[in-house]
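# Results of the structural survey
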Amino acid sequence: MILILPPAGGDELQGVKKGIMEVADCIVVNKADGQLLPAARRTAADYSSATPFLNHPYGRKPPVLMVSSETKEGLDELWTEICQFRQFMTEEGHLQEKRKDQAHYWMWKNLQNIIAART
C-alpha cells in the first residue's frame with residue numbers, strides 16, 4: 001500500500017496516522033515542486049525519521065519518497081521502488097501469502113453479502 005501525503009499537511013505525525021503508517025509499504029510526499037518543495041522536504045524528513053519506530057509488516061522499513069506530477073521528479077524512483085517491493089514480496093513468499101489471505105477475506109465477505117441479501 002502506498003501512502004500518499006501532501007506537503008505541509010500539518011500535524012503529520014499525530015497518532016491518528018500511526019496505524020496507516022504501520023501498514024504502508026511506501027510513503028510518498030506529492031507536490032514536491034515550486035513553492036511547496038521546502039514543505040515537501042520537511043514532511044519527507046519528518047516521516048523518514050518516524051518510520052524506524054513503527055512495526056512494519058515483513059520487517060521492512062518503508063521508503064519515504066518525494067514526487068511531483070508537474071515536473072515528473074521522483075516518478076522513476078517511485079516506479080523502481082514498486083518493482084523492487086514486488087520482487088521482494090515474491091521472493092520471500094509474502095505475495096502468495098497475502099493473496100491467499102485476500103481471497104479468504106473476500107470469500108467470507110461475499111458469503112456475508114449473500115446471506116444479508118436473503119434476509
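In case you missed it, the structure is sitting above this.
The notes below deal with the structure included here. The shown structure was predicted, so the numbers you read here are calculated from the model rather than taken from an experiment.

All right, on to the packing of aromatic side chains then. By the definition in use, this model includes two aromatic pairs. Geometrically, the ring pair formed by phenylalanine 85 and phenylalanine 88 is tilted, given 6.4 Å between the ring centres and 35° between the ring planes. Here the residue phenylalanine 85 and the residue phenylalanine 88 both occupy positions in helix α3 (residues 75-91), the gap between them amounting to three residues, near one helical turn. Phenylalanine 88 gets classed as partly exposed once you look at its relative accessible area, which sits at 22%. A centroid spacing of 5.0 Å and a plane angle of 80° characterise the contact between tyrosine 105 and tryptophan 106, whose relative ring orientation is edge-to-face. In this arrangement the basic side chain of arginine 60 is found over the ring face of phenylalanine 88, its NZ or CZ atom lying 5.7 Å from the centre.

A word on the state of the cysteines. Within this structure, the stated rule accounts for zero disulfides. Distance from the sulfur of cysteine 26, which forms no disulfide, to the nearest cysteine sulfur (cysteine 83) is 12 Å. On the basis of relative accessible area, cysteine 26 is assigned to the buried category, the value being 5%.

The side-chain alternation of strand β2 (residues 26-29) yields two buried faces, one formed by Cys26 and Val28 and the other by Ile27 and Val29. The sheet contact formed by strand β1 (residues 2-5) and β2 spans four bridges and is parallel. Across the sheet, leucine 3 pairs through a bridge with isoleucine 27, a residue of β2. Bridge analysis of β2 against strand β3 (residues 64-66) gives three bridges, and the strand direction is parallel. Considered in β3, the bridge of valine 29 is made with methionine 66. The β-α-β motif built from β2, the intervening helix α2 (residues 37-50) and the parallel element β3 has right-handed crossover chirality.

Calculation criteria
Residues numbered from 1 in each chain as written. Predicted model: local features only at pLDDT ≥ 70, side-chain atom pairs only at ≥ 80, totals over all residues. Heavy atoms only, no water. Phe/Tyr/Trp six-rings, centres within 6.5 Å; stacked < 30°, edge-to-face > 60°. Helix = DSSP H or I, 4+ residues; strand = E, 2+ residues; numbered from the N terminus. Buried < 20%, exposed > 50% of the residue type's maximum accessible area, 1.4 Å probe, protein only. Lys NZ or Arg CZ within 6 Å of the ring centre and 35° of its normal. Disulfide = S-S within 2.5 Å. Pairing = 2+ DSSP bridges. Right-handed = clockwise from strand over helix to strand, strands pointing away.

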